[in-house]
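# Breakdown of the fold
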Amino acid sequence: MNVNSPLIAILVLALGLAFVFGAIANRLRFSPIVGYLFSGVAVGSIASIYATDTSLAPQLADVGIILLMFGVGLHFSPQDLLALRKVVIPGAVTQSLAAALLGMGLAWFAGFSLGASAVFGMSLSIASTVVLTRTLNDRHLMDTERGHIAVGWLIVQDIVTVLGLVLLPPLTELLTRAETGALVNFSIGGLFGALILTVGKLGVFAALVLAVGRRLIPLILHYVAHTGSRELFRLAVLSLALGVAYTAAQFFGVSFALGAFFGGLALSESQLSQRAAEESLPLRDAFAVLYFVSVGMLFNPAVLLSDSLFVAATLAVVIIGNAGFAYLLLRRSGRTKGDALLIAVGLAQIGEFSYILADLG
């Protein structure tokens, strides 16, 4: 028997320590998420000592993101999103742009180049879909109007970020050339071409899922349900969620999270949507824990000492800036103070795309 398995080692470390730290956090009346993050710090330290391959943890965490967002999509319908478009589209775009400019200004003041400042600003402007949906689920707010607004806001942010990821390379080139005064050979047409191509791919994917998937996915699940096998039904749900998300990322340049959400959206009006949500719940929760562990593994305590002032300013942009802009925009759209405050506080964090942007930067 081969006991030298990186996959088993990282699962034992991540899930075992997440259970221990999560139980401690719960005992201290904190959210278990706090414990999961601390367990990630511990996993990173232990893995570095014993040379354990930690690259598998973020990949396993992607499974949790896919299943979580598929479940979120099951609670929505296309009509729900369309009803909220006048609130979430202008609100999310404006809030993301304002926070990005604020973060960009902070980075520029700290000595970053224009290109690096743009990447940094974008990283601070987007909230975590996993964190917010997990919090809404824990407080039974997912099916409320405020829950729908919060998730719709995040979906718009995800779409904007997908466009931003495509535009980032030519945009940083433009900023770099502007900084050095060398704008001679830069192609504006290439910038708009990339934008049009990405919007087109997003549109084709959404149309395929909502037109074809709304008929095909329920048809498959109804067939499996009539077999009477709970195991096959659960396997069908997992296969569809992962398959739609992978297809979205591989062929349409859409994120796993957004692809899985649209997959759930296609099934949301089916009679089997509630059963699909229940059957995917155990695996969804287990793999979602790995997401928080993988985030904790990125934490470097030395940064708090070496760049404490910059970290504090960054934290202010994320918490005060994001929440403040969101609150003002929601109040202007007619939301009550309570609803606006709840949603704004939920947006006072950064998300999965922030790490992707940081890697690109």
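Residues numbered from 1 in each chain as written. Predicted model: local features only at pLDDT ≥ 70, side-chain atom pairs only at ≥ 80, totals over all residues. Heavy atoms only, no water.

## A few points about the overall build of the chain
Broken down by element type, the chain carries 16 helices and zero strands. Looking at the chain residue by residue over its 361 residues, the buried ones come to 47%. Of the contacts made within the chain by residues no fewer than 6 positions apart, 80% connect residues no fewer than 24 positions apart. Roughly 18,100 Å² of accessible area belongs to the chain as shown, and the carbon and sulfur atoms make up 68% of that amount. (Helix = DSSP H or I, 4+ residues; strand = E, 2+ residues; numbered from the N terminus. Buried < 20%, exposed > 50% of the residue type's maximum accessible area, 1.4 Å probe, protein only. Contact = heavy atoms within 4.5 Å. Areas by Shrake-Rupley, 256 points an atom, 1.4 Å probe, with all protein chains shown as cover.)

## Focus: the nonpolar core
Of all hydrophobic cores here, the largest spans 91 residues; its most connected members are Met 69, Val 151, Phe 205, Leu 221, Phe 261, Phe 262 and Leu 347. Leave out the neighbours within four places in its chain, and Leu 221 touches Phe 233, Ala 236, Val 237, Leu 240, Leu 267 and Leu 272. If you look at the next biggest cluster of nonpolar residues, it comprises six residues, including Ala 107, Phe 120, Leu 124 and Val 318. (Core = buried A, V, L, I, M, F, W, Y, C linked by side-chain atoms within 4.5 Å.)

## Some remarks on unusual backbone geometry
Despite not being glycine, Arg 29 shows a phi value in the positive range, around 65°. Note on placement: Arg 29 falls in the loop between helix 1 (6–27) and helix 2 (32–50). Positioned with a positive phi, His 140 is a non-glycine residue whose angle comes to about 55°.

## Digging into the packing of aromatic side chains
One pass over the structure, following the stated rule, counts eight aromatic pairs. Between Tyr 36 and Phe 292, the ring centres sit 6.3 Å apart and the planes meet at 35°, which makes this aromatic pair tilted. Taken together, the positions of Tyr 36 in helix 2 and Phe 292 in helix 12 (residues 273–296) put the pair 256 residues apart, joining distant regions of the chain. Ring geometry for Phe 205 and Phe 262: centres 6.0 Å apart, planes at 85°, overall edge-to-face. (Phe/Tyr/Trp six-rings, centres within 6.5 Å; stacked < 30°, edge-to-face > 60°.)

## Considering the environment of Val 199
Tracing the chain through its elements places Val 199 in helix 9 (residues 188–225). Judged by relative accessible area, which is 43%, Val 199 ranks as partly exposed.

## Some remarks on the pattern of salt bridges
Tallying each qualifying case throughout the model produces two salt bridges. Close ionic contact of Arg 335 with Glu 145 constitutes a salt bridge, the shortest N to O distance being 2.9 Å. Here Glu 145 lies in helix 8 (residues 145–180) and Arg 335 lies in the loop between helix 14 (308–332) and helix 15 (337–346), a separation of 190 residues in the sequence. Taking the relative accessible area as the measure of exposure, Arg 335 reaches 17% and is therefore buried. Here Glu 145 falls in the partly exposed class, since its relative accessible area comes to 46%. Notably, a salt bridge pairs Asp 339 with Arg 146, separated by 2.6 Å at the nearest N-O pair. Of this pair, Asp 339 sits in helix 15 while Arg 146 sits in helix 8, placing them 193 residues apart in sequence. (Salt bridge = Lys/Arg side-chain N within 4 Å of Asp/Glu carboxyl O.)

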